[in-house]
Amino acid sequence: MDCFVYKSVRKTDTYIFLREEEGFDVLPDALAEQLGELAFVISLQLSPERKLAREDVNAVMRNLREQGFHLQLPLPDESFMMGPS
């Protein structure tokens, strides 16, 4: 399955995986507005055997099939969650 990854210029470490290159029309208006400008990062060929750094490839593929996109949010700030030192 082809996949096109874009990063939000406005939101740090936030990425959109799209089923179609520049297929931004599948994004809900509110999400597109929050993300702002998107910059192309990479195109990938996804398969169940492929490993992704931070996402479950099967979840990404399912979201691409069902809604045309997958949203990857930044990891939680663990230092914040641990409290003061």
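For the structure, check the block above.
Below or above, wherever it landed, is the structure these notes cover. Keep in mind that this is a model prediction, so the values were computed, not measured. (Residues numbered from 1 in each chain as written. Predicted model: local features only at pLDDT ≥ 70, side-chain atom pairs only at ≥ 80, totals over all residues. Heavy atoms only, no water.)

## Observations concerning the overall build of the protein chain
The test is simple: Numbering goes from the N terminus for both helices and strands, where a helix is a DSSP run of H or I of at least four residues and a strand is a run of E of at least two. Throughout this description, buried means an accessible area under 20% of the type-specific maximum (1.4 Å probe, protein chains only), exposed means over 50%, and partly exposed covers the range between. Residue contacts are defined here by distance: any two heavy atoms, one from each residue, within 4.5 Å place the two residues in contact. The protein chains shown are the only cover counted for residues, whose accessible areas, like all others here, come from Shrake-Rupley with a 1.4 Å probe.
Secondary structure assignment for the protein chain yields three helices and four strands. Starting at the N terminus and ending at the C terminus, the protein chain contains elements arranged as β-β-α-β-α-β-α. By residue count, 32% of the 85 residues in the protein chain fall in the buried class. Sequence separation of at least 24 residues holds for 56% of the intrachain contacts in the protein chain that already meet a minimum separation of 6. Just so you have it, the protein chain exposes about 6,000 Å², and 50% of that area is on carbon and sulfur atoms.

## Notes on the sheet that holds strand E3 (residues 38-45)
Filter applied, for reference: Pairs of strands are assigned from DSSP output, requiring at least two bridges between the strands. Lines fitted to the C-alpha atoms define the axes, with helices restricted to the stretch that makes contact. Angles between their N-to-C directions range from 0 to 180 degrees.
Judged by pairing direction, the sheet is antiparallel, and its four strands sit side by side in the order E3-E1-E2-E4 without closing on themselves. A strand with exactly one partner marks an edge of an open sheet, and here the two such strands are E3 and strand E4 (69-72). Each adjacent strand pair in this sheet contributes to an overall mean axis angle of 20 degrees, direction not counted. Pairing geometry for strand E2 (residues 15-18) and E4, over four bridges, is antiparallel.

## Brief notes about the packing of aromatic side chains
Just so we agree on the cut-off: Here is the rule: rings of Phe, Tyr and Trp (six-membered ring for Trp) pair when centre to centre is within 6.5 Å. Planes less than 30 degrees apart are stacked, more than 60 are edge-to-face, and the remainder are tilted.
Scanning the model with the defined rule gives two aromatic pairs in all. Between Tyr6 and Phe24, the aromatic rings sit 5.0 Å apart at their centres with planes inclined by 70 degrees, giving edge-to-face as the arrangement. You can see Tyr6 sitting in strand E1 (residues 2-8) and its partner Phe24 sitting in the loop between E2 and helix H1 (29-35), a full 18 residues away along the chain. Overall, the relative accessible area of 3% leaves Tyr6 in the buried class. Accessibility expressed as a relative area gives 29% for Phe24, which makes it partly exposed. Each ring, one from Tyr6 and one from Phe40, has its centre 5.4 Å from the other, and the planes form 70 degrees; the classification is edge-to-face. Placement of the pair is Tyr6 in strand E1 and Phe40 in strand E3, with a sequence separation of 34 residues.

## So, helix H2 (residues 57-67)
Note: α-helices contain 3.6 residues per turn, so residues at a spacing of three or four share the same orientation. Let me state the cut-off plainly: Identification of polar contacts relies on pairs of N or O atoms within 3.5 Å, with a donor-acceptor requirement for protein atoms, meaning one able to donate a hydrogen and the other able to accept it, and with residues adjacent in sequence counted only if both atoms are side-chain atoms.
All of the buried residues in H2 are Val57, Ala59, Val60, Met61, Asn63 and Leu64. Against the buried residues of H2 lie E1, E2 and E4. Where H2 begins, one side-chain oxygen reaches toward the backbone nitrogen of Asn58, 2.8 Å away; that side chain belongs to Asp56. One or two residues past the end of H2 sits Gly68, with phi positive at roughly 90 degrees.

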